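Each chain is listed here by its residues.
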Amino acid sequence: MESAAQAYFSNLYPFDELCAFLTRHGDDLRNVEFALEGREIYRRYVSVGSPDELRQLCVRHPEIRSLHVGAVYDGPNHRRSVPLRRELVFDIDLSDYDFLDLSSTIDMQKADSAWCVSATAAFILKYLLGSAFGFDDCVTVYSGRRGVHVYALDRRATNLTQEARSAIVSYLNFVASKDNLRASELTHSVAKSHGLISACRYALRDIMIESDGMLDDVARRMDFVNRLALDTHHVLGNLGQEVLTLRNGLEAFDHVSARIERVCEATKTDWTRTRLDCVILAYTWPRLDAAVTSSLTHLIKAPFVAHPKTGRLAVPVCDSALYTFRPDLVPCIHDSVDEVVLNRCVLHFQRMVTRASSSFPSATEGEGDECGEGGKDVEDLVVAPRGCAP
């Protein structure tokens, strides 16, 4: 009996668009590594000459679950070839954020409710890629489970050596303080040098706390205060007790901020303000899987592939819809995938990539203003006004 994944790869998966994306800089498709993941068999170093050949291999692979892409090699025999270039891609996984407690569970409702953390990390990452390295053309792709992949589409990004990639991810990645409670001085200095302290504070206060209620839970509120490690401070030592009497997380955050500001003004020092900033960065700064970005031989799940554990498709996320994106509304292969929805997602992906490469096939004229028929944006299909999540 044909599985849901086999049916999807056979009838709906956009192989033509994937192959066009991977060869947009003029590379021979045969030199691009693919890997096929089955329930028990994992096959690497797959070389194909056409999108249709890749489709046939996926459909025939025993209990196919996923499709991964790797580097571009100097020849089609990847085992005996040298990797020349690879997509510069960053993996943000919510299980790496200790305050969310997602590392040991597959509670998708819990992961979906924490989407704003992924959105904030992706926003900061994309800003830094442009500000620090000049990589202005980026695409964010939902992973299908509990995170995002961010692609830097510039040709010079794909040509980076492994050493350069390691240096970039080291500069961008979150580094914790010695007690592992907040961001280190190093991360704080990067945020400050790029003018991101205020943006991170806004993201935490106005979006994560006020809109999404991140600190409404008393235990989370106490965890936030404990990360300040001010319990022995002669003035601020009672913050933990004080926030327990407040009605919600926003009042708690504002109370802590106001108390720390008064101390800074009274003492003419700002180390407690910096301490608060470092806690804020612990909630907002991107936490990256370094190996995914650094290694030229690393593989990553291809866009539009369904996640093996959830069945959700890895769809692109518009910059304008970053905070209103609804993971729970993403097409799923375990349901009936709407071909119109999928086609609009693919079309939008094409349009985003076209900004970085004129060789990538552009959307057909007359199919709508932005992402589909009648000017209907793809975000209309997978987002809803904030607060409408079940």
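Residues numbered from 1 in each chain as written. Predicted model: local features only at pLDDT ≥ 70, side-chain atom pairs only at ≥ 80, totals over all residues. Heavy atoms only, no water.

*Asks:* When you look at the overall build of the protein chain in this model, what are you seeing that I'm missing?
*Replies:* Looking only at helices and strands, one finds 16 helices and 9 strands in the protein chain. Scored against the burial criterion, the 390 residues of the protein chain give a buried share of 54%. Accessible surface, the protein chain: about 17000 Å² in total, of which carbon and sulfur atoms supply 47%. (Helix = DSSP H or I, 4+ residues; strand = E, 2+ residues; numbered from the N terminus. Buried < 20%, exposed > 50% of the residue type's maximum accessible area, 1.4 Å probe, protein only. Areas by Shrake-Rupley, 256 points an atom, 1.4 Å probe, with all protein chains shown as cover.)

*Asks:* Quick question: what am I supposed to make of the side chain of D277 here?
*Replies:* If you trace the backbone, D277 turns up in helix α13 (residues 271-284). Taking the relative accessible area as the measure of exposure, D277 reaches 10% and is therefore buried. Sequence-distant contacts of D277, defined by excluding residues within four places in its chain, comprise H188, I197 and R201. (Contact = heavy atoms within 4.5 Å.)

*Asks:* Got a minute to help me understand the side chain of R275 in this structure?
*Replies:* Structurally, the position occupied by R275 is in helix α13. Of the side chains with opposite charge, D179 comes closest to the buried, unpaired R275, at an N-O distance of 6.2 Å. Not counting residues up to four positions away in its chain, the partners in contact with R275 are R182, L228, A229 and L230. (Lys, Arg positive; Asp, Glu negative; His and termini not counted. Salt bridge = Lys/Arg side-chain N within 4 Å of Asp/Glu carboxyl O.)

*Asks:* Please explain the sheet that holds strand β6 (residues 138-142) as it appears in this structure.
*Replies:* Pairing between the strands of a sheet is mediated by backbone hydrogen bonds and can be parallel or antiparallel. Taken in spatial order, the 4 strands of this open sheet run β5-β7-β6-β9, and their pairing is antiparallel. Both edges of this open sheet fall to β5 (88-93) and β9 (316-317), since each of them pairs with a single strand only. Here 5 bridges tie β6 to strand β7 (residues 147-152), and the two strands are oriented antiparallel to one another. Its bridge partner being in β7, V141 is matched across the sheet by H149. (Pairing = 2+ DSSP bridges.)

*Asks:* What's the story with the packing of helix α9 (residues 197-211) against helix α12 (residues 249-267) in this structure? I'm lost.
*Replies:* Packed helices, taken two at a time, are described by their axes: the angle between them and the distance between them. α12 packs onto α9 with a crossing angle of 150° between their chain directions and a minimal axis gap of 9 Å. Our classification of the angle between α9 and α12 gives roughly antiparallel. Considering how the two elements wind past one another, α9 and α12 form a crossing that is right-handed. Where α9 approaches α12, its residues R201, L204, R205, I209 and E210 are matched on the opposing element by G249, L250, F253, D254 and S257. (Axes fitted to C-alpha atoms, helices over the stretch in contact; angles between N-to-C directions. Parallel < 35°, antiparallel > 145°, perpendicular 65-115°, else oblique. Left-handed = near helix turned anticlockwise from the far one by under 90°.)

*Asks:* Just checking my understanding: could you explain unusual backbone geometry for this structure?
*Replies:* Comment: phi is negative for the bulk of residues other than glycine, and the bulk of peptide bonds are trans. Backbone geometry at E63 places phi at a positive 50°, although glycine is not the residue there. Since its relative accessible area comes to 45%, E63 is described here as partly exposed. Even without a glycine there, the phi angle at A229 is positive, about 50°. Mapped onto the elements of the fold, A229 is located in the loop between α10 (218-228) and α11 (239-244).

*Asks:* So what exactly am I meant to see when it comes to the packing of aromatic side chains here?
*Replies:* For any pair of aromatic rings, geometry is given as the distance between the ring centres together with the angle between the planes. All chains considered together, the criterion is met by 17 aromatic pairs. With a centroid separation of 5.9 Å and an interplanar angle of 75°, the aromatic rings of F21 and Y151 are classed as edge-to-face. One end of the pair, F21, is in helix α2 (residues 15-22); the other, Y151, is in strand β7, with 130 residues separating them in the sequence. Judged by its relative accessible area of 1%, F21 is buried. Judged by centre distance (5.9 Å) and plane angle (80°), the rings of W115 and Y142 are edge-to-face. One end of the pair, W115, is in helix α5 (residues 115-133); the other, Y142, is in strand β6, with 27 residues separating them in the sequence. (Phe/Tyr/Trp six-rings, centres within 6.5 Å; stacked < 30°, edge-to-face > 60°.)

*Asks:* Any chance you could explain the pairing of β7 here in plain terms?
*Replies:* Within a regular strand, side chains alternate between the sheet's two faces. Counting buried positions along β7 yields 6 of 6 residues, so the element is predominantly enclosed. Neither face of β7 is open: one carries G147, H149 and Y151, the other V148, V150 and A152, and all of them are buried. As paired strands, β5 and β7 are joined by 6 bridges and run antiparallel to one another. Each bridged residue has a counterpart across the sheet, and for F90 the counterpart in β7 is V150. From the end of β6 to the start of β7, which pair antiparallel, there are 4 residues, and G144 there has a positive phi angle of about 100°.

*Asks:* Help me understand the pattern of salt bridges in this model?
*Replies:* Side-chain pairs of opposite charge can arise where the charged atoms are in close proximity. Considering all chains together, one arrives at 22 salt bridges under this definition. Notably, a salt bridge pairs R44 with E33, separated by 2.9 Å at the nearest N-O pair. Linking R44 in strand β2 (residues 42-46) with E33 in strand β1 (residues 32-38), this pair joins segments that are 11 residues apart in sequence. Classification of E33 by relative accessible area gives buried; the value is 0%. In this structure, the salt-bridge partner of D98 is R287, at a minimum N-O distance of 3.4 Å. Linking D98 in the loop between β5 and α4 (108-113) with R287 in the loop between α13 and α14 (290-294), this pair joins segments that are 189 residues apart in sequence. For R287, a relative accessible area of 11% corresponds to the buried category. Through salt bridges with shared partners, one network takes in D98, D223, R227 and R287.

*Asks:* Mind showing me how you'd approach the packing of α10 against α12 here?
*Replies:* In the contact formed by α10 and α12, the axes pass within 10 Å of each other and the chain directions differ by 20°. Here α12 runs roughly parallel to α10, going by the angle between their axes. The element α10 and its partner α12 pack so that their crossing is right-handed. Here R221, F224, V225 and L228 of α10 lie close against α12, whose contacting residues are G249, A252, F253, V256 and I260. Looking at side-chain class alone, the contact of α10 with α12 contains 7 nonpolar, 1 polar and 1 charged residues. (Nonpolar A, V, L, I, M, F, W, Y, C, P; charged D, E, K, R; others polar.)

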